[in-house]
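Fold and geometry: a report
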Amino acid sequence: MADSLMPGPARRRARRGYALAVAAAGALLAVSAILPWAGIEARSDLLGAGVTQDVRGVDDSLGVFTLVAGLVALALGTAGLLARPWIAALAAVPGGLAAALLVVFVTDPGGAGDRIAFDLGGVLSVAPVIRYGWFAALAAALAVVLCAVLTLTRRS
């Protein structure tokens, strides 16, 4: 009967699991900063083909800051896993900052995509596109924030 009244180890294990999730999401955020985030795509209906030029996240200063935020989240998650789980909750700051940087990357009015986009009917169209790396980085940044906040929850 006394064994059922001791929920301590289960709670610690769950909170350490969230710290591990923070570390994993931080690693994914760092890796996704190396992937292509955007590109310029030129298509011609006459030729039936297109040409693309991709921009990786680390090719832009915002991508480098996102890479650093991912590495900081990875370090905080690892510290929370090894020492105290509440340390992993601090990763919400770099995760939120990375999400904000990703939004700024897409909405920046001075970006090259805004100056290059044009359409000449079916002959030639040139437009900026968002690549899979940007979506992966945004998902990883939001996962860092969510898992960091969950490290503060207490299970009853």
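Just above, that's the structure.
Residues numbered from 1 in each chain as written. Predicted model: local features only at pLDDT ≥ 70, side-chain atom pairs only at ≥ 80, totals over all residues. Heavy atoms only, no water.

Right, let's talk about helix 5 (residues 132–150) for a bit. Because the α-helix completes a turn every 3.6 residues, residues three or four places apart line up on one side. Compared with the 27 Å implied by 1.5 Å per residue over 19 residues, the 27 Å span of helix 5 between its first and last C-alpha is a close match. Of all the positions in helix 5, only G133, W134, A137, A140, A141, V144, C147 and A148 are classed as buried. Each buried residue of helix 5 sits inside an arc of 165 degrees when the element is viewed along its axis, so together they form one side. Of the residues in helix 5, the exposed ones pointing more than 90 degrees away from the buried face are Y132 and L146. (Helix = DSSP H or I, 4+ residues; strand = E, 2+ residues; numbered from the N terminus. Expected span 1.5 Å × (residues − 1). Buried < 20%, exposed > 50% of the residue type's maximum accessible area, 1.4 Å probe, protein only. Arc of directions from axis to C-beta.)

This brings us to the pairing of strand 1 (residues 36–44). Note: strand 1 against strand 2 (residues 49–56), 8 bridges, orientation antiparallel. From the neighbouring strand, R43 faces strand 2, where its bridge partner is G50. Between strand 1 and strand 2, which follow one another and run antiparallel, lie 4 residues, and G48 among them has a positive phi close to 70 degrees. Where strand 1 meets strand 4 (residues 125–130), 6 bridges bridge the pair, whose relative direction is antiparallel. Paired with R43 across the two strands is S125, which belongs to strand 4. (Pairing = 2+ DSSP bridges.)

Now for the packing of aromatic side chains. Within the structure shown, the criterion is met by 2 aromatic pairs. An angle of 80 degrees between the planes, with centres 5.1 Å apart, marks the rings of W37 and F105 as edge-to-face. Placement of the pair is W37 in strand 1 and F105 in helix 3 (residues 92–107), with a sequence separation of 68 residues. Note on W37: relative accessible area 0%, which makes it buried. Pairing W134 with F135 gives two aromatic rings, centres 5.1 Å apart and planes at 85 degrees, and the pair type is edge-to-face. Note on W134: relative accessible area 8%, which makes it buried. Judged by its relative accessible area of 48%, F135 falls in the partly exposed class. (Phe/Tyr/Trp six-rings, centres within 6.5 Å; stacked < 30°, edge-to-face > 60°.)

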